[in-house]
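Notes for the structure review
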Amino acid sequence: MAILIRKATDIKPSEITPRSVYLDRRRFMQHALGASVLLAGDAMLPAWAKRWPELAKSPHSTDEVLNSFEDITTYNNFYEFGTGKSDPAKNAVNFDPKPWSITVEGECSKPGTFDLEDFIKPYALQEYIYRLRCVEGWSMVIPWVGFSLADMLKTFEPNANAKYVEFTTLYDKSRMPGQKRRVLDWPYVEGLRIDEAMNELPIMAVGLYGEILPNQNGAPIRLVVPWKYGFKSIKSIVKIRFMETQPRTTWNESAPREYGFYSNVNPNVDHPRWSQKKERRIGAPIWKPKIDTLMFNGYGEQVAHLYQGMDLVKNF
Ligand code: MTE
């Protein structure tokens, strides 16, 4: 595994590409390519993408140094496009996330199947700058574009039996070549308890750095749950199901001793094969020591109450 080690706090501001510069770069490229390409390019953007330059920043955002667009889009875990960190960027190039529909089913009064554009239209998009801590021991700071998961789920009017929510990734071997190998039991599924899902932090992300979500990051729509290990943040979602019983989840089924249903970031509970006390911020210099991993990835104020009275060693 190729490891880039550079602590984010040591990155010079000049090395970081803020969203405004990205937008400027895009505009520059469009100008450089000529007006006809500009028009064709803009016509290909879905209508909702045009709102993105004016996004408000969520108050839950961290002010830590952002990882670069390059780090975020070239060091990925997305087994549907290969198991290596650089595989998704290479193998998802030709993935076309259009058209895309999402089915909402189970314990709710307003189930249905929706075209992506109709699905996201009712919600206010914001920028959410969240830390992402992977169970493998690395982390990043990512400026997502998205909307509140809770707001979205409420639209479908979950009933009293809805104790959990299950999310499912697209299963299509012809479009996701990694699914030809049975490294996981496809399709990838994840789940949250309903009160976790209704917390103010989780989002459905449709972009990052003010741009449409790159394929390798889970286009066209993915979950982001910042206080849990990264694998809970399921990509390329096609189905959402309200359930009375705890859903099965892909990594828990694959290695139940290593990956629990809750998977809250917890420096006090080691992975059976490595410690979870520290993390390596992607982009930090190789000579910099790792940083301490924080309980609930630093989001304890917002989420610790969800687990009151629970044994988090048992419910890892
Ligand atoms: N979702 C699907 N469908 N397939 C995957 O392999 N990998 C998970 C998660 N979501 C994964 C997934 C893991 S292990 C992590 S750490 C994050 O995606 C990585 O998200 P990123 O590549 O956008 O940083």
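Reading the values: rules and limits
- Residues numbered from 1 in each chain as written.
- Predicted model: local features only at pLDDT ≥ 70, side-chain atom pairs only at ≥ 80, totals over all residues.
- Heavy atoms only, no water.
- Helix = DSSP H or I, 4+ residues; strand = E, 2+ residues; numbered from the N terminus.
- Buried < 20%, exposed > 50% of the residue type's maximum accessible area, 1.4 Å probe, protein only.
- Areas by Shrake-Rupley, 256 points an atom, 1.4 Å probe, with all protein chains shown as cover.
- Near = heavy atom within 4 Å.
- Polar contact = N/O pair within 3.5 Å; in protein donor to acceptor, adjacent residues only side chain to side chain.
- Nonpolar A, V, L, I, M, F, W, Y, C, P; charged D, E, K, R; others polar.
- Pairing = 2+ DSSP bridges.
- pLDDT = per-residue confidence, 0-100.
- Contact = heavy atoms within 4.5 Å.
- Phe/Tyr/Trp six-rings, centres within 6.5 Å; stacked < 30°, edge-to-face > 60°.
- Lys NZ or Arg CZ within 6 Å of the ring centre and 35° of its normal.
- Axes fitted to C-alpha atoms, helices over the stretch in contact; angles between N-to-C directions.
- Core = buried A, V, L, I, M, F, W, Y, C linked by side-chain atoms within 4.5 Å.

This part is about the overall build of the chain. Within the chain, the regular secondary structure consists of nine helices and 13 strands. Put simply, the chain has 316 residues, and 54% of those count as buried. Of the roughly 14,400 Å² of accessible surface on the chain, a fraction of 55% belongs to carbon and sulfur atoms.

The local shell around the ligand holds 16 residues, among which Asn76, Tyr79, Glu80, Arg222 and Lys235 are the closest. Contact between the ligand and asparagine 77: a nitrogen atom at 3.2 Å from a main-chain N or O atom of the residue. At a separation of 2.7 Å, an oxygen atom of the ligand approaches a polar side-chain atom of lysine 235. Contact with the protein chains hides 98% of the accessible area of the ligand, taken as 530 Å² for the molecule alone. Counted by class, the shell around the ligand contains seven nonpolar, six polar and three charged residues.

A few words now on the pairing of strand 6 (residues 164–169). For strand 6, the buried fraction is high: six of the six residues fall into the buried class. The alternating pattern of strand 6 places Tyr164, Glu166 and Thr168 on one face and Val165, Phe167 and Thr169 on the opposite face, and all of these are buried. Bridge analysis of strand 6 against strand 11 (residues 237–243) gives six bridges, and the strand direction is antiparallel. Looking at the pairing, threonine 168 lines up with lysine 239 of strand 11.

What follows is about the confidence of the model for the chain. Confidence along the chain averages 89 in pLDDT terms, with 84% of residues attaining 70 or more. In the predicted structure, residues 1–41 sits below a pLDDT of 50 and forms 63 contacts with residues beyond four places in sequence or in another chain.

What follows deals with the packing of aromatic side chains. One pass over the structure, following the stated rule, counts 18 aromatic pairs. Taken together, a centroid distance of 5.8 Å and an interplanar angle of 50 degrees make the contact between tyrosine 128 and tyrosine 130 tilted. We classify tyrosine 130 as buried; its relative accessible area is 0%. Taken together, the aromatic side chains of Tyr164, Phe261, Tyr262, Phe296 and Tyr307 make up a single cluster linked through ring pairs. We note arginine 131 situated over the ring of tyrosine 299; from NZ or CZ to the ring centre the distance is 4.7 Å. A cation sits over an aromatic face here: lysine 232 above phenylalanine 261, 4.4 Å from the ring centre.

Further remarks concern the sheet that holds strand 11. The five strands lie next to each other as 3-2-11-6-7, forming an open sheet whose pairing is mixed. The sheet is open, and its two borders are formed by strand 3 (112–115) and strand 7 (189–193), each paired with just one other strand. Direction aside, neighbouring strands of the sheet carry axes that sit 15 degrees apart on average.

This part is about the nonpolar core. Counting 83 residues, the largest nonpolar core has Phe119, Trp144, Phe147, Met152, Ile221 and Ile240 as its most contacted members. Sorting elements by how many residues they give to this core places strand 5 (residues 138–148) first, with seven residues.

This paragraph deals with the pairing of strand 11. For strand 11, the buried fraction is high: five of the seven residues fall into the buried class. As paired strands, strand 2 (residues 101–106) and strand 11 are joined by four bridges and run parallel to one another. Looking across to strand 11, one finds that valine 104 is bridged to isoleucine 240.

Attention shifts here to the side chain of glutamine 276. For glutamine 276, the location among the structural elements is in the loop between helix 8 (250–254) and strand 12 (278–281). For glutamine 276, a relative accessible area of 2% corresponds to the buried category. Contacts of glutamine 276, omitting those with residues within four sequence positions, involve Arg133, Val135, Tyr229, Asn266, Pro267, Val269, Asp270, His271 and Thr293.

We now examine unusual backbone geometry. For the bond from tryptophan 186 to proline 187, the omega torsion is -5 degrees, close enough to zero to count as cis. Mapped onto the elements of the fold, proline 187 is located in the loop between strand 6 and strand 7. The omega torsion across alanine 219 and proline 220 is 0 degrees, close enough to zero to call that bond cis. Within the secondary structure, proline 220 is located in the loop between strand 9 (211–212) and strand 10 (222–224). Of note, tyrosine 209 is a non-glycine position whose phi angle comes to about 50 degrees, a positive value. Tracing the backbone shows tyrosine 209 in the loop between strand 8 (203–208) and strand 9.

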